[in-house]
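An overview of the molecular structure
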There are 2 protein chains.
Amino acid sequence: MMKKITLAACALVVAGSAFAIEPDKAIKFRQAGYSYMSWNMSKIKDNVEGTYKQAEVIAAANTIAAIANSGMGALYVPGSEKDVGNVKTYVRPEFFSKPQEVARIAQSFNKEANELARIAATGSSAEVKEQFGKVGGTCKACHDDFKMKN
Amino acid sequence: MMKKITLAACALVVAGSAFAIEPDKAIKFRQAGYSYMSWNMSKIKDNVEGTYKQAEVIAAANTIAAIANSGMGALYVPGSEKDVGNVKTYVRPEFFSKPQEVARIAQSFNKEANELARIAATGSSAEVKEQFGKVGGTCKACHDDFKMKN
């Protein structure tokens with residue numbers, strides 16, 4: 001009877017939280033989000049270093065901001081701190097043991113990514129270039145502290 | 001001499017177009033975009049079928065629309081119509097031989113995805129659910145015609 005209640009309680013917790021996603025899927029989805037942001041970062045880099053195409057920069061900056069705002073934190077579910085079968089994660093264990101430091105870097109990234117989208121809408125190539133550097137700095141800060149070399 | 005000129009001309013064409021991206025990277029980036037959209041679609045599905053959390057739906061719908069607007073067409077570069085090493089593509093060959101049909105479906109998807117983001121901002125769960133179905137229909141239309149079963 002006790003076991004039954006405990007299981008039911010667990011099921012409720014799982015169903016009512018973002019933790020319903022399986023660890024291997026969570027790893028794949030967060031990698032997809034970072035990968036797609038990296039393509040859009042590379043497009044902005046090409047624009048500010050070469051011919052500036054405003055529409056392309058706006059679309060890329062909006063994509064990075066939208067992904068930054070999409071709640072990726074929900075993809076760091078229990079079980080996703082290590083490889084699952086052949087699904088490999090490059091997140092370092094420290095990511096899961098230093099939530100306050102992670103939150104600080106994540107908030108900084110979100111702030112700069114949204115600012116980049118705001119500036120891209122009306123700003124010059126030089127203004128976008130400056131803000132692009134700030135976003136890249138927040139990417140690097142997290143990679144330095146929390147991403148394995150791969 | 002002739003060879004040198006031809007190589008130089010090719011380099012110019014590649015550098016000046018969206019085709020500068022390597023086929024294997026293009027395949028990975030487009031798969032990342034679709035994968036990240038699918039996670040956000042699943043979140044909207046959970047919301048319209050369960051407890052409706054407007055902020056989560058807005059963030060998810062904005063992400064799908066931003067990715068839809070991000071110019072994924074640039075990721076279908078020559079060489080990416082088939083597997084590259086161990087990077088497998090699930091796009092069917094017809095995708096590359098029927099550009100008008102692909103464009104029609106892509107435009108339909110973009111229209112419905114942007115409409116979903118517009119409705120999510122202020123609409124009810126029922127209104128979002130209806131538009132979510134339309135977006136899903138455009139996903140399915142493309143998968144049915146142009147995606148391998150995997």
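Overview of the structure. All residue numbers refer to position in the chain's written sequence, counted from 1. Throughout, the order in which chains and ligands are written sets their labels, letters from A for the former and numbers from 1 for the latter. Since the coordinates come from a predicted model, pLDDT governs what is reported: local features require at least 70, and pairs of side-chain atoms require 80 or more to be given and counted, while whole-chain, interface and lining totals use all residues. Excluding hydrogens and water, the side-chain values take into account all heavy atoms of the structure.

**Notes on the relation of the copies chain B and chain A**
Fitting of the copies onto one another was done by least squares over C-alpha atoms, counting residues only where both copies have pLDDT of at least 70. Between chain B and chain A, the superposition needs a rotation of 180° and an axial shift of 0.0 Å, giving an RMSD of 0.0 Å. This pairing of chains is accounted for by a two-fold axis. Measuring from the rotation axis to each C-alpha of chain B, the shortest distance belongs to Ala 32 of chain B, at 2.1 Å. When the interface residues of chain B are mapped onto chain A, 100% of them again fall at the interface, so both copies present the same face. Two residues form a contact once any of their heavy atoms are found within 4.5 Å.

**Observations concerning the interface of chain B and chain A**
Each partner contributes to the interface: chain B provides 22 residues, whereas chain A provides 22 residues. Once two parts are put together, the accessible area they lose, assessed with a 1.4 Å probe and summed over both, is termed the buried area. Between chain B and chain A lies a buried interface of about 1500 Å² when both sides are counted; carbon and sulfur atoms form 70% of it. Ranking the residues of chain B by area buried against chain A places Phe 29, Tyr 36 and Trp 39 of chain B at the top, with a combined share of 41%. Under the rule applied, a polar contact is a pair of N or O atoms within 3.5 Å (in protein, one hydrogen donor and one hydrogen acceptor; residues adjacent in sequence only if both atoms are side-chain atoms). The interface formed by chain B and chain A contains 6 residue pairs in polar contact (both at pLDDT 80 or more). Elements represented by at least two residues in the side of chain B that touches chain A include exactly helix H2 (23-49) and helix H3 (54-68) of chain B. The secondary structure listing takes helices from DSSP runs of H or I that are at least 4 residues long and strands from runs of E that are at least 2 residues long, numbered from the N terminus. Counting residues per element, the side of chain B that touches chain A draws most heavily on H2 of chain B, which supplies 10 residues. The classification used treats Ala, Val, Leu, Ile, Met, Phe, Trp, Tyr, Cys and Pro as nonpolar, Asp, Glu, Lys and Arg as charged, and all other residues, Gly among them, as polar. Grouping the constituent residues of the side of chain B that touches chain A by class yields 11 nonpolar, 9 polar and 2 charged.

**Concerning the side chain of Ser 70 of chain A**
Within the secondary structure, Ser 70 of chain A sits in the loop between helix H3 (54-68) and helix H4 (94-97). On the basis of relative accessibility, which here comes to 5%, the residue Ser 70 of chain A falls in the buried class. Polar side-chain contacts of Ser 70 of chain A include one of 2.6 Å to the backbone oxygen of Ile 67 of chain A. When residues no more than four places from it in sequence are discounted, the contact partners of Ser 70 of chain A are Tyr 36, Trp 39, Asn 40, Lys 43, Ala 59 and Thr 63 of chain B. The buried label goes to any residue with under 20% of its type's maximum accessible area, the exposed label to any with over 50%, and the partly exposed label to all in between, with areas taken from a 1.4 Å probe on protein chains only.

**As for the pattern of salt bridges**
A side chain with one charge may pair with a side chain of the opposite charge, provided their charged atoms come close. Every case where a carboxyl oxygen of Asp or Glu lies within 4 Å of a side-chain nitrogen of Lys or Arg is listed as a salt bridge. For the structure shown, the criterion picks out 16 salt bridges over all chains. Between Lys 88 of chain A and Asp 83 of chain A there is a salt bridge, with the nearest N and O atoms lying 3.6 Å from each other. Since its relative accessible area comes to 36%, Asp 83 of chain A is described here as partly exposed. Note that Asp 144 of chain B and Lys 140 of chain B form a salt bridge whose closest N and O atoms lie 2.7 Å from each other.

**What about the packing of H2 of chain B against helix H6 (residues 125-146) of chain B?**
All names here are of chain B. For the pair H2 and H6, interaxial distance at closest approach is 10 Å and the crossing angle is 145°. Where H2 crosses over H6, the handedness of that crossing is left-handed. Along its contact with H2, which presents Met 41, Ile 44, Lys 45, Asn 47 and Val 48, the element H6 presents Ser 125, Val 128, Lys 129, Phe 132, Val 135 and Gly 136. Broken down by class, the residue content of the contact of H2 with H6 amounts to 6 nonpolar, 3 polar and 2 charged. Axis angles are defined between N-to-C directions and span 0 to 180 degrees, where every axis is a line fitted to C-alpha atoms and, for a helix, only to the segment in contact. For a crossing to be left-handed, the near helix must be turned anticlockwise from the far one by less than a right angle; the clockwise case is right-handed.

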